[in-house]
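Residue-level listing of the chains:
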Amino acid sequence: MEEFVKNELESIKEPVKIRFSLTEKDKDLEGFLNNISKVNKLIVLENDTSLTEKPVFYIEKNGISVKFLGRITGGELKAFLESIKMVANNEYHIPERILEFVEEVDKPVDVKVFVTTSCGWCPPAILKAVSFAIANPNIKVSIIECYSFPELATKYNVSAVPKTVINDKVEFVGVKDDNEFFGYIIKALGEV
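A short tour of the structure in this document, coming up. Bear in mind the structure is a predicted one, so any value in this text is a computation, not a measurement.

Rules and cut-offs
- Residues numbered from 1 in each chain as written.
- Predicted model: local features only at pLDDT ≥ 70, side-chain atom pairs only at ≥ 80, totals over all residues.
- Heavy atoms only, no water.
- Phe/Tyr/Trp six-rings, centres within 6.5 Å; stacked < 30°, edge-to-face > 60°.
- Helix = DSSP H or I, 4+ residues; strand = E, 2+ residues; numbered from the N terminus.
- Buried < 20%, exposed > 50% of the residue type's maximum accessible area, 1.4 Å probe, protein only.
- Polar contact = N/O pair within 3.5 Å; in protein donor to acceptor, adjacent residues only side chain to side chain.
- Contact = heavy atoms within 4.5 Å.
- Salt bridge = Lys/Arg side-chain N within 4 Å of Asp/Glu carboxyl O.

This paragraph deals with the packing of aromatic side chains. Taken as a whole and assessed by the stated rule, the structure comprises 6 aromatic pairs. Their ring planes at 65° and their centres at 5.7 Å tell us that Phe57 and Phe80 sit as a pair that is edge-to-face. Here Phe57 is found in strand β3 (residues 56-61), whereas its partner Phe80 is found in helix α3 (residues 75-89), with 23 residues between them in sequence. Exposure class is identical for Phe57 and Phe80. Each is buried.

Structure, rendered in structure tokens:
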């Protein structure tokens, strides 16, 4: 496992912060975080006890914020590590023709992606949302693991994953291409 984590994070070239808060039963995750910060010294950890949602992890750098709510295990583990790398290195995977429009978004956009640890389609949905958050800091992303936060899954009527909810107005299930994803953002902003 340590070799896998090292390989995933060795390409980080700039500092990135992970703010987190854990419950007593999630203390194993603190050991995991300590291990990834040992693997790459550019990963700075901050145990923020003022955070009320637990377990929670914020990956932050220069106004970019990606929030993971819930246990980061299963398929989400690789997506979590990839998200750290993407935020740290300011990497996103959006075609240039769409990127121009994404960069012009000047209003707050709240993207919630509901996932489960056993979902094969969830990691690509996570990385798609993270790409948009890195391309434009007005876009804030929360990845919510349904079994850790069943009350949120119930509130947003999650019956299949990945489910994405944008500004509490627009929602869709599955992984969408960049053009469709951006179209949902525009629709949620009320500009269509």
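Quick look at the side chain of Glu60 now. Mapping Glu60 onto the fold places it in strand β3. A distance of 2.9 Å separates a polar atom in the side chain of Glu60 from a polar atom in the side chain of Arg19. With sequence-adjacent residues up to four places away left out, Glu60 is seen in contact with Val16, Lys17, Arg19, Ser65 and Val87.

Now for the pattern of salt bridges. Within this structure, the stated rule accounts for 14 salt bridges. Between Glu53 and Lys67 there is a salt bridge, with its nearest N and O atoms 2.7 Å apart. A residue pair is termed long-range when its members are at least 10 positions apart, and Glu53 in the loop between β2 (43-47) and β3 and Lys67 in strand β4 (residues 64-69) qualify at 14 residues. Under the relative-accessibility criterion, Glu53 is labelled partly exposed at 28%. Taken together, the shared-partner salt bridges in this structure form one network comprising Arg19, Asp48 and Glu60.

By themselves, these figures tell us nothing about what the structure is for.
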